[in-house]
Amino acid sequence: PPRSTLFPYTTLFRSEEETELRINSQKLYKFIEEELDEREKEIICKRYGIRDGRGYVCEAMTQREIAKQLKISRSYISRIEKKALEKLRKRFDKG
């Protein structure tokens, strides 16, 4: 079956609600790629279990786990995450 480059499981969605979820997921991955810098992308993808902004799901990590992996403070992870989420919210509001 054909696969989207943004979400590999598009053929599994059937209901209207699932279709809307797929569309919003695709927007999210697109916005992550367009709006966030590399550090923000890395943190958001690790924090929420998104790999490479392409919809491949991996296990989400805590801020503490990410901080340890990247060798920076948990509070810095928190600030970057907050800034990145705000950018994404603004982008979603614009459409």
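Here goes a summary of the coordinates provided. The shown structure was predicted, so the numbers you read here are calculated from the model rather than taken from an experiment.

## Comments concerning the overall build of the protein
So, point 1. Across its full length, the protein carries 4 helices and 2 strands.
So, point 2. Each of the 95 residues in the protein was classed as buried or not, and the buried ones make up 34%.
So, point 3. Counting every atom, the protein has about 6,600 Å² of accessible surface; 50% of that belongs to carbon and sulfur.

## What about the pattern of salt bridges?
Any two side chains of opposite charge can pair, given that their charged atoms come close.
So, point 1. Following the criterion strictly, the structure yields 10 salt bridges and no others.
So, point 2. A salt bridge links K30 to E34; its shortest N-O distance comes to 3.5 Å. A residue pair is termed a helical-turn pair when its members lie 3 or 4 positions apart in one helix, as K30 and E34 do in helix α1 (residues 16-35) at 4 residues.
So, point 3. Owing to a relative accessible area of 40%, K30 belongs among the partly exposed residues under this scheme.
So, point 4. Of the charged contacts in the structure, one is a salt bridge between E34 and R91, with a shortest N-O distance of 3.2 Å. Within this pair, whereas E34 is found in helix α1, its partner R91 is found in helix α4 (residues 74-94), the two being separated by 57 residues in sequence.
So, point 5. Taking the relative accessible area as the measure of exposure, E34 reaches 42% and is therefore partly exposed.
So, point 6. Look at R91 and you get buried, because its relative accessible area is 14%.
So, point 7. A single salt-bridge network, built from bridges that share partners, covers K30, E34, E35 and R91.

## Focus: the environment of I44
So, point 1. Inspection of the secondary structure assignment puts I44 in helix α2 (residues 38-48).
So, point 2. For the pair I44 and K82, spaced 38 residues apart in sequence, the C-alpha separation works out to 9.6 Å.
So, point 3. With near-sequence residues (within four places) excluded, I44 lies in contact with I32, L36, E81, A84 and L85.

Analysis parameters
- Every residue gets a number counted from 1 within its own chain, in the order that chain's sequence is written.
- Reporting in this predicted model follows two pLDDT cut-offs: at least 70 for local features of residues, and 80 or more for side-chain atom pairs to be given and counted; totals over whole chains, interfaces and linings ignore these cut-offs and use all residues.
- The side-chain quantities take in all heavy atoms of the structure and omit both hydrogens and water.
- Note on conventions: DSSP H or I runs of at least 4 residues are helices, E runs of at least 2 residues are strands, and numbering of each starts at the N terminus.
- When accessible area is computed with a 1.4 Å probe and restricted to protein chains, residues below 20% of their type maximum are described as buried, those above 50% as exposed, and intermediate ones as partly exposed.
- The accessible surface values rely on the Shrake-Rupley method and a 1.4 Å probe; as for residues, cover is taken only from the protein chains in view.
- Any carboxyl oxygen of Asp or Glu within 4 Å of a side-chain nitrogen of Lys or Arg constitutes a salt bridge here.
- Note on contacts: a residue pair qualifies if any of its non-hydrogen atoms lie within 4.5 Å across the two residues.

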